[in-house]
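Listed below are the residues making up each chain.
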Amino acid sequence: KHSENIINRLTLGKKKIVTFTIRNSKFDKSRNTNLKDFIKFSKELEKEYEIVFIPDTDQPFDDEIENFEYSQLGTMASYNPAIRLALYQKSHLNILSDNGPLLLACYSKNIKYIMI
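Residues numbered from 1 in each chain as written. Predicted model: local features only at pLDDT ≥ 70, side-chain atom pairs only at ≥ 80, totals over all residues. Heavy atoms only, no water.

Draft legend 1. Inspection of helix α2 (residues 35–45) at higher detail. Taken as a whole, α2 has its buried residues at L35, F38, S42 and L45. Down the axis of α2, the buried side of the element spans an arc of 70°, and every buried residue falls inside it. Facing away from the buried side of α2, by more than 90 degrees, are the exposed residues K36, K40 and E44. Its buried side turned inward, α2 meets β1 (16–21), β2 (49–54) and β3 (93–96). (Buried < 20%, exposed > 50% of the residue type's maximum accessible area, 1.4 Å probe, protein only. Helix = DSSP H or I, 4+ residues; strand = E, 2+ residues; numbered from the N terminus. Arc of directions from axis to C-beta. Contact = heavy atoms within 4.5 Å.)

Okay, here's the thing in structure tokens:
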């Protein structure tokens, strides 16, 4: 309940939310998110939706994405599973890679998602 209140306060009066969960592994780079493509795609959506990028908890800030600024909400969701779950549930759509956070979505009837 507390996590829902945090999400509601941070998104009050805003558009419907679309999340992009970033995968950024040192060990299997071929499966990492192409952040440039996600940003390009998000530009198409931002007229109608509030876009929230959620960084990879293992490596949220590396050289490739050091100039990209994550939202406060996305960073909070990265480090707190309860906030991430509440955000995924409130969002209109969640775009995820095949990593750990996908399990939150695929076992929930309340989360709309696309796996890339």
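Once the structure has been displayed, the description carries forward.
Draft legend 2. Quick peek at the pairing of β2. With five of six residues buried, β2 lies mostly within the body of the structure. Relative to β2, β1 is paired through six bridges, and the arrangement is parallel. Its bridge partner lying in β2, I17 is registered against E50. Regarding topology, α2 serves as the crossover connection from β1 to the parallel β2, and that connection is right-handed. (Pairing = 2+ DSSP bridges. Right-handed = clockwise from strand over helix to strand, strands pointing away.)

Draft legend 3. Up close: helix α1 (residues 2–11). Among the residues of α1, those classed as buried are S3, I6, I7 and T11. Angularly, the buried residues of α1 cover 115° about the axis, an arc narrow enough to put them on a single face. Set apart from the buried face of α1 by more than 90 degrees, the exposed residues are H2 and R9. Against the buried residues of α1 lie β1, α3 (72–79) and α4 (81–90).

Draft legend 4. Structural context of the pairing of β3. The sheet contact formed by β1 and β3 spans three bridges and is parallel. What sits directly across from V18, in β3, is L93. Across three bridges, β3 lies against strand β4 (residues 113–115) in parallel orientation. Residue pairing in the sheet places N94 in a bridge with Y113 of β4.

Draft legend 5. Examining the nonpolar core more closely. Core analysis: the largest hydrophobic core is formed by 15 residues, its most contacted members being I7, V52, I54, L73, I83 and L87. Those elements that place two or more of their residues in this core are α1, β2, α3, α4 and α5 (102–106). Residue contributions to this core peak at four residues, all from α4. With residues near it in sequence (within four places) discarded, I7 still touches L73, I83, A86, L87 and K90. Within the second largest apolar cluster, 11 residues are counted, among which are F38, Y49, F53 and I95. (Core = buried A, V, L, I, M, F, W, Y, C linked by side-chain atoms within 4.5 Å.)

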